[in-house]
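Analysis of the macromolecular model
Chain residues, written in single-letter form:
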Amino acid sequence: EASRAIAREHEKPSVAWWIAPEHDALAPALEALGIVNTEPPGYEAVENAMALVHEPRGERPEGIEVRVLETFSEYVDVGRLVETNFGYPPQSEEVMRARFDEYMNDGWGKSVIALVDGTIVGSAFGAFGAAGINLFGGTVAEKYRGRGAYRALTFARWDLAVERGTPALTVQAGKMSMPILESV
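All of these numbers come straight from a predicted model, not from anything done at the bench.

Our focus in this paragraph is the environment of T166. Positionally, T166 belongs in the loop between α5 (149-164) and β6 (169-173). C-alpha of T166 to C-alpha of G132: the two residues are 34 residues apart in sequence and 4.6 Å apart in space. Leaving out residues up to four positions away in the same chain, T166 has contacts with G129, A130, A131, G132 and A161. Polar side-chain contacts of T166 include one of 3.0 Å to the side chain of R164.

Here it is in C-alpha coordinates:
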(Lines give C-alpha, C1' and ligand atoms only; values in the text may rest on other atoms or scores of the structure.)
Protein backbone atom coordinates (compact mmCIF):
# COMPACT_ATOMS: atom_id res chain seq x y z
CA GLU A 1 0.00 0.00 0.00
CA ALA A 2 2.90 2.35 0.75
CA SER A 3 4.27 1.83 -2.79
CA ARG A 4 0.87 2.54 -4.29
CA ALA A 5 0.50 5.72 -2.21
CA ILE A 6 3.88 6.98 -3.38
CA ALA A 7 3.02 6.18 -7.00
CA ARG A 8 -0.32 8.02 -6.71
CA GLU A 9 1.38 11.00 -5.06
CA HIS A 10 3.72 11.27 -8.07
CA GLU A 11 0.91 10.55 -10.56
CA LYS A 12 2.65 7.37 -11.77
CA PRO A 13 0.24 5.20 -13.75
CA SER A 14 1.73 1.89 -12.62
CA VAL A 15 4.19 0.23 -10.29
CA ALA A 16 6.28 -2.65 -11.64
CA TRP A 17 8.09 -5.33 -9.68
CA TRP A 18 10.82 -7.65 -10.85
CA ILE A 19 11.71 -10.70 -8.82
CA ALA A 20 14.82 -12.76 -9.47
CA PRO A 21 14.21 -16.51 -9.85
CA GLU A 22 15.76 -17.19 -6.45
CA HIS A 23 12.94 -15.12 -4.90
CA ASP A 24 10.01 -16.78 -6.69
CA ALA A 25 8.67 -17.84 -3.28
CA LEU A 26 7.61 -14.20 -2.75
CA ALA A 27 5.17 -14.30 -5.68
CA PRO A 28 2.16 -15.74 -3.77
CA ALA A 29 2.51 -13.12 -1.02
CA LEU A 30 2.71 -10.30 -3.57
CA GLU A 31 -0.28 -11.67 -5.47
CA ALA A 32 -2.23 -11.82 -2.19
CA LEU A 33 -1.54 -8.08 -1.86
CA GLY A 34 -3.08 -7.48 -5.28
CA ILE A 35 0.08 -7.26 -7.39
CA VAL A 36 -0.79 -8.70 -10.78
CA ASN A 37 1.66 -10.99 -12.55
CA THR A 38 1.56 -9.81 -16.17
CA GLU A 39 4.03 -9.63 -19.02
CA PRO A 40 3.21 -6.61 -21.20
CA PRO A 41 5.81 -5.73 -23.88
CA GLY A 42 9.01 -4.58 -22.25
CA TYR A 43 8.23 -6.39 -18.99
CA GLU A 44 8.41 -10.02 -20.09
CA ALA A 45 9.62 -12.55 -17.52
CA VAL A 46 12.44 -13.58 -19.83
CA GLU A 47 14.57 -10.71 -21.05
CA ASN A 48 17.44 -10.52 -23.49
CA ALA A 49 20.74 -9.12 -22.32
CA MET A 50 23.57 -7.58 -24.28
CA ALA A 51 26.89 -5.97 -23.55
CA LEU A 52 28.45 -4.26 -26.54
CA VAL A 53 31.99 -2.85 -26.42
CA HIS A 54 32.37 -2.09 -30.13
CA GLU A 55 30.39 0.03 -32.58
CA PRO A 56 27.23 -1.80 -33.67
CA ARG A 57 27.72 -3.90 -36.81
CA GLY A 58 26.15 -3.05 -40.11
CA GLU A 59 25.28 0.17 -41.81
CA ARG A 60 23.57 3.09 -40.19
CA PRO A 61 20.02 3.24 -41.55
CA GLU A 62 19.39 5.87 -44.21
CA GLY A 63 16.42 8.19 -44.18
CA ILE A 64 16.17 8.26 -40.40
CA GLU A 65 17.31 11.35 -38.52
CA VAL A 66 18.41 10.72 -34.94
CA ARG A 67 19.18 13.28 -32.26
CA VAL A 68 18.92 13.97 -28.56
CA LEU A 69 15.46 14.97 -27.33
CA GLU A 70 15.62 18.63 -26.30
CA THR A 71 12.18 20.29 -26.34
CA PHE A 72 8.99 19.90 -24.37
CA SER A 73 7.06 19.37 -27.61
CA GLU A 74 9.34 16.43 -28.47
CA TYR A 75 8.93 15.11 -24.93
CA VAL A 76 5.12 15.17 -25.27
CA ASP A 77 5.26 13.42 -28.67
CA VAL A 78 7.54 10.72 -27.23
CA GLY A 79 5.29 10.37 -24.17
CA ARG A 80 2.25 9.78 -26.37
CA LEU A 81 4.18 7.20 -28.44
CA VAL A 82 5.25 5.36 -25.27
CA GLU A 83 1.68 5.44 -23.92
CA THR A 84 0.40 3.90 -27.16
CA ASN A 85 3.10 1.26 -27.55
CA PHE A 86 3.26 0.16 -23.91
CA GLY A 87 -0.46 0.59 -23.10
CA TYR A 88 0.09 3.25 -20.43
CA PRO A 89 -2.73 5.62 -19.49
CA PRO A 90 -2.37 9.20 -20.77
CA GLN A 91 -0.55 11.66 -18.54
CA SER A 92 -1.62 15.25 -18.05
CA GLU A 93 0.43 18.02 -19.60
CA GLU A 94 1.22 19.26 -16.08
CA VAL A 95 2.74 15.91 -15.12
CA MET A 96 4.63 15.73 -18.40
CA ARG A 97 5.98 19.25 -17.85
CA ALA A 98 7.30 18.29 -14.40
CA ARG A 99 8.92 15.12 -15.78
CA PHE A 100 10.45 17.05 -18.69
CA ASP A 101 11.96 19.55 -16.25
CA GLU A 102 13.40 16.63 -14.24
CA TYR A 103 14.78 15.08 -17.44
CA MET A 104 16.45 18.34 -18.49
CA ASN A 105 18.04 18.86 -15.06
CA ASP A 106 18.97 15.42 -13.71
CA GLY A 107 21.94 14.58 -15.97
CA TRP A 108 21.70 10.81 -15.44
CA GLY A 109 20.88 10.05 -19.07
CA LYS A 110 19.52 11.23 -22.40
CA SER A 111 16.62 10.31 -24.63
CA VAL A 112 17.23 10.06 -28.35
CA ILE A 113 14.55 10.34 -30.99
CA ALA A 114 14.23 8.92 -34.48
CA LEU A 115 12.47 11.04 -37.07
CA VAL A 116 11.24 10.35 -40.59
CA ASP A 117 10.34 13.43 -42.63
CA GLY A 118 10.31 15.50 -39.42
CA THR A 119 7.91 13.18 -37.55
CA ILE A 120 9.05 11.40 -34.39
CA VAL A 121 8.71 7.68 -35.12
CA GLY A 122 10.76 6.27 -32.26
CA SER A 123 12.59 7.03 -29.05
CA ALA A 124 14.95 5.41 -26.58
CA PHE A 125 16.70 6.32 -23.33
CA GLY A 126 20.33 5.85 -22.41
CA ALA A 127 21.19 5.87 -18.68
CA PHE A 128 24.74 7.03 -18.03
CA GLY A 129 26.91 4.66 -16.04
CA ALA A 130 30.56 4.79 -15.02
CA ALA A 131 31.56 2.26 -17.69
CA GLY A 132 28.96 2.78 -20.41
CA ILE A 133 25.32 3.45 -21.18
CA ASN A 134 22.43 1.18 -20.25
CA LEU A 135 19.68 1.13 -22.87
CA PHE A 136 16.06 1.56 -21.79
CA GLY A 137 12.62 2.08 -23.27
CA GLY A 138 13.32 1.75 -26.96
CA THR A 139 10.08 2.02 -28.92
CA VAL A 140 9.04 2.62 -32.52
CA ALA A 141 5.64 3.52 -33.92
CA GLU A 142 4.04 0.39 -35.34
CA LYS A 143 3.77 1.65 -38.92
CA TYR A 144 7.52 2.46 -38.96
CA ARG A 145 8.78 -0.86 -37.60
CA GLY A 146 11.14 -2.85 -39.78
CA ARG A 147 12.67 0.24 -41.41
CA GLY A 148 15.73 0.66 -39.19
CA ALA A 149 14.51 3.17 -36.59
CA TYR A 150 15.41 0.97 -33.59
CA ARG A 151 18.83 0.25 -35.10
CA ALA A 152 19.34 4.00 -35.65
CA LEU A 153 18.46 4.62 -31.98
CA THR A 154 21.02 1.99 -30.94
CA PHE A 155 23.71 3.71 -33.04
CA ALA A 156 22.73 7.07 -31.51
CA ARG A 157 23.19 5.75 -27.98
CA TRP A 158 26.53 4.21 -29.00
CA ASP A 159 27.58 7.67 -30.23
CA LEU A 160 26.59 9.17 -26.85
CA ALA A 161 28.67 6.52 -25.07
CA VAL A 162 31.69 7.30 -27.24
CA GLU A 163 31.27 11.07 -26.72
CA ARG A 164 31.25 10.48 -22.94
CA GLY A 165 34.42 8.39 -23.13
CA THR A 166 32.54 5.23 -22.02
CA PRO A 167 32.25 3.19 -25.25
CA ALA A 168 30.02 0.37 -24.04
CA LEU A 169 26.30 -0.42 -24.15
CA THR A 170 24.30 -2.74 -21.94
CA VAL A 171 20.65 -3.68 -22.17
CA GLN A 172 17.98 -5.95 -20.79
CA ALA A 173 15.16 -5.96 -23.30
CA GLY A 174 11.96 -7.76 -24.18
CA LYS A 175 11.26 -10.14 -27.04
CA MET A 176 10.50 -7.46 -29.65
CA SER A 177 14.05 -6.13 -29.35
CA MET A 178 15.77 -9.52 -29.57
CA PRO A 179 16.16 -9.78 -33.38
CA ILE A 180 17.66 -6.30 -33.56
CA LEU A 181 19.98 -6.80 -30.61
CA GLU A 182 21.19 -10.12 -32.02
CA SER A 183 22.25 -8.35 -35.21
CA VAL A 184 24.36 -5.65 -33.59
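Turning our attention to the packing of aromatic side chains. On inspection of all chains with the given rule, the structure shows six aromatic pairs. With a centroid separation of 5.7 Å and 65° between ring planes, the pair formed by F72 and F100 is classed as edge-to-face. Linking F72 in helix α3 (residues 72-86) with F100 in helix α4 (residues 93-106), this pair joins segments that are 28 residues apart in sequence. Residue classification places F100 among the buried positions, given a relative accessible area of 7%. On the numbers, 6.2 Å between centres and 35° between planes, the contact of Y75 with Y103 is tilted. With Y75 in helix α3 and Y103 in helix α4, this pair connects stretches of sequence that are 28 residues apart. Y103 matches Y75 in its accessibility class, with the two residues each being buried. Connected via pairs of aromatic rings, a cluster forms that spans F72, Y75, F100 and Y103.

Procedures and definitions
Residues numbered from 1 in each chain as written. Predicted model: local features only at pLDDT ≥ 70, side-chain atom pairs only at ≥ 80, totals over all residues. Heavy atoms only, no water. Helix = DSSP H or I, 4+ residues; strand = E, 2+ residues; numbered from the N terminus. Contact = heavy atoms within 4.5 Å. Polar contact = N/O pair within 3.5 Å; in protein donor to acceptor, adjacent residues only side chain to side chain. Phe/Tyr/Trp six-rings, centres within 6.5 Å; stacked < 30°, edge-to-face > 60°. Buried < 20%, exposed > 50% of the residue type's maximum accessible area, 1.4 Å probe, protein only.

Read these as spatial facts, not as claims about activity.
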